[in-house]
Amino acid sequence: MSSRLKALSALVLSLLLPVAAHADSSFVDHRGKTITFAKPPERVVTIVRSAPIIYRAVDGKADNIAGMNKDSLVRYFTKGIYADMLPEMAKINASAAQDGFVPNVEAILAQKPDAVIQWTHDENLIEPLERVGLTVVGWQCCSEQDRLDYVTLTGYMTGRNDRAQAILKAQSDRLKKLDAKVAKLDKAKLPTVLHIDKVADQIQVIANGSQDLSLSGVTNPAADGTGEWWRTVDFEQLLVWNPDIIIIPAYADDLNPEDFFDNPVLASLKAVKDKRVYKQPVFARTPDAPEIFLTSEWLAAIAHGADFAPAFKAQIGETYKLIYGAALSGEQVQSILESERNAPANKYAELFD
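Engineer: Honestly, the overall build of the protein in this entry has me stumped. Any pointers?
Structural biologist: Each helix and strand counted, the protein has 15 helices and 12 strands in total. Taken against the 2.2 N^0.38 rule, which gives 20 Å for 353 residues, the C-alpha radius of gyration of the protein at 21 Å falls within 12% of a compact globule. A burial count over the protein gives 55% of its 353 residues as buried. Here the analysis covers contacts within the protein between residues at least 6 apart in sequence; of these, 67% occur between residues at least 24 apart. A total of about 15,400 Å² of accessible surface is found on the protein, and carbon and sulfur atoms cover 51% of it. Taken together, the 38 basic and 46 acidic charged side chains of the protein have centroids lying 4 Å from each other.

Engineer: Sorry if this is basic, but what is going on with the sheet that holds strand β11 (residues 245–248) here?
Structural biologist: Each strand in a sheet pairs with another by means of backbone hydrogen bonds, the pair being arranged parallel or else antiparallel. As summarised here, the arrangement of the five strands in space is β10-β9-β8-β11-β12, forming an open sheet in which the pairing is mixed. Of all strands in the sheet, those with a lone pairing partner are β10 (230–233) and β12 (277–279), marking the two edges. Shown here is a sheet whose adjacent strand axes are inclined to one another by a mean of 35°, direction ignored. Running at roughly 150° to β11, helix α12 (residues 294–304) makes contact with β8 (193–199), β11 and β12 of the sheet.

Engineer: Just to check I follow, could you spell out unusual backbone geometry for this structure?
Structural biologist: It is generally the case that most residues other than glycine have a negative phi and that most peptide bonds are trans. Residue cysteine 142 is bonded to the preceding cysteine 141 through a cis peptide linkage, with omega at 0°. Relative to the helices and strands, cysteine 142 resides in the loop between β7 (136–139) and α7 (144–158). At lysine 275, a residue that is not glycine, the phi angle is positive and equals roughly 55°. Mapped onto the elements of the fold, lysine 275 is located in the loop between α11 (270–273) and β12.

Engineer: Please clarify how the pattern of salt bridges should be interpreted in this entry.
Structural biologist: Close approach of charged atoms lets side chains of opposite charge pair. Applying the stated rule across the entire model yields 17 salt bridges. One salt bridge connects glutamate 127 with arginine 131, and the closest N-O pair in it is separated by 2.8 Å. Of this pair, glutamate 127 and arginine 131 both sit in helix α6 (residues 127–131), four residues apart, roughly one helical turn. Judged by relative accessible area, glutamate 127 falls into the partly exposed class, the value being 38%. Accessibility expressed as a relative area gives 58% for arginine 131, which makes it exposed. A salt bridge links lysine 270 to aspartate 244; its shortest N-O distance comes to 3.6 Å. Separated by 26 residues along the polypeptide, lysine 270 in helix α11 and aspartate 244 in the loop between α9 (235–241) and β11 bring together distant segments of the chain. For lysine 270, a relative accessible area of 31% translates into the label partly exposed. Classification of aspartate 244 by relative accessible area gives buried; the value is 19%.

Engineer: How do you make sense of the environment of tyrosine 320 when you look at a structure like this?
Structural biologist: Following the sequence through the fold, tyrosine 320 ends up in helix α13 (residues 312–324). Expressed as a C-alpha distance, the spacing of tyrosine 320 and proline 257, which sit 63 residues apart in the sequence, is 26 Å. With near-sequence residues (within four places) excluded, tyrosine 320 lies in contact with Ile81, Met85, Phe283, Glu291, Leu294, Gly325, Ala326, Leu328 and Ile336.

Engineer: Would you explain the sheet that holds strand β5 (residues 93–97) in this entry?
Structural biologist: An order of β5-β4-β3-β6-β7 is seen for the five strands of this open sheet, with the pairing classed as parallel. The strands lining the two open edges of the sheet, one partner per strand, are β5 and β7. In this sheet, adjacent strand axes meet at a mean angle of 30° when their direction is disregarded. Pairing between strand β3 (residues 44–46) and strand β4 (residues 65–69): two bridges, direction parallel. Within β4, the position partnered with valine 45 by the bridge is glycine 67. With respect to the sheet, helix α2 (residues 51–59) is in contact with β3, β4, β6 (115–119) and β7, its orientation differing from that of β4 by roughly 155°. Sitting on the sheet, α7 touches β3, β6 and β7, and the angle it makes with β7 is about 165°.

Engineer: Mind showing me how you'd approach helix α8 (residues 161–182) here?
Structural biologist: Since the α-helix advances by 3.6 residues per turn, residues separated by three or four positions end up pointing in the same direction. Counted at 1.5 Å a residue, the expected span for α8 with its 22 residues is 32 Å, and the 31 Å between its end C-alpha atoms agrees. If you check which residues of α8 are buried, you get Asn161, Arg163, Ala164, Ile167, Leu168, Gln171, Ser172, Leu175, Leu178, Asp179 and Val182. Along the long axis of α8, the arc covered by the buried residues comes to 165°, so they all point the same way.

Engineer: Just to check I follow, could you spell out the pairing of β6 for this structure?
Structural biologist: Residues in a regular strand point their side chains to alternate faces of the sheet. Counting buried positions over the five residues of β6 gives five, a clear majority of the element. On β6, burial covers both faces: Ala115, Ile117 and Trp119 on one face and Val116 and Gln118 on the other are all buried. Judged from the three bridges that link them, β3 and β6 form a sheet pairing that is parallel. Directly across from valine 44, in β6, lies its bridge partner alanine 115. Pairing analysis gives four bridges linking β6 to β7, with the strands arranged parallel. Paired with isoleucine 117 across the strands is valine 137, a residue of β7.

Engineer: Can you help me understand the environment of aspartate 162 in this one?
Structural biologist: Topologically, aspartate 162 is positioned in helix α8. In this structure aspartate 162 comes out as partly exposed when scored by relative accessible area, which is 43%. Note: C-alpha distance between aspartate 162 and valine 58 (104 residues apart in sequence) is 8.8 Å.

Criteria and cut-off values
- Residues numbered from 1 in each chain as written.
- Predicted model: local features only at pLDDT ≥ 70, side-chain atom pairs only at ≥ 80, totals over all residues.
- Heavy atoms only, no water.
- Helix = DSSP H or I, 4+ residues; strand = E, 2+ residues; numbered from the N terminus.
- Rg over C-alpha atoms; globule rule 2.2 N^0.38 Å.
- Buried < 20%, exposed > 50% of the residue type's maximum accessible area, 1.4 Å probe, protein only.
- Contact = heavy atoms within 4.5 Å.
- Areas by Shrake-Rupley, 256 points an atom, 1.4 Å probe, with all protein chains shown as cover.
- Lys, Arg positive; Asp, Glu negative; His and termini not counted.
- Charge placed at Lys NZ, Arg CZ, Asp CG, Glu CD.
- Pairing = 2+ DSSP bridges.
- Axes fitted to C-alpha atoms, helices over the stretch in contact; angles between N-to-C directions.
- Salt bridge = Lys/Arg side-chain N within 4 Å of Asp/Glu carboxyl O.
- Expected span 1.5 Å × (residues − 1).
- Arc of directions from axis to C-beta.

Below you can see the structure in the form of structure tokens.
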């Protein structure tokens, strides 16, 4: 069992046991600081880009989100599946941070928040908020465990540990089934997968991303253990790796499988010749989203066949219903799967029919 799956199973179990903190409204954030609320906060401002998605998922409503980062609004709630499912999110004040994650303290104070969610990696992002008396819940970035914790911490904040438990259990149950199938694969014959998000004179690859590719039964030839997320390489290096499969990250809006298939420079790559270049589905657009676990099943199906993600369209619908209360149309599911962009890729329609 992978380390991520062990951590997820342990986390779900911990939610079923008495909380080690003082009460449901008292918990320890990622700084190791104890946060206490007499009651769930009624006005929360989020500066972490994905926090509004997670908070809305766990709380089951947007009523208590008083403000967000401008990047959150632009990236997630002006168009796409979140805008379709959660139109109320676009109405939330987005002045909490205009430039990255630097807080706009005056604008945040104007929202009179009971709590602010902010990154911990730079104390200068939190200190101005606490200096004016605001309660800050710190999130650290960006391991798989951290992302599970985002759901747990939000469960404590909202008083909806039941919702947090249900979301984490859905992940755990699906990944356990996937793990059992992947465990039977020949480890010496796992396909190689390269994530590429820029193609020009130089090629940008994800060398050491946070997604646990072992869950999908694949390996990453670019991984070098340095912790450096991206590497820029030339075509010669790409040819040395010669991956079986190429994945285009969901956020790389201007890159599609057809761009690889139509590029004569890339024509000799195995993944290109076999037309095994795929655009990630929309559920991978933010790695922090509660539905990100679907990416592991999707990639396993790409690498090993539809049996690794059976009835996947139905599962997408069930997952979004659980997490967001949304009843997706067939057209929305197709859009989430990037079916149109992936049409030229090998057997995509058959895999996810």
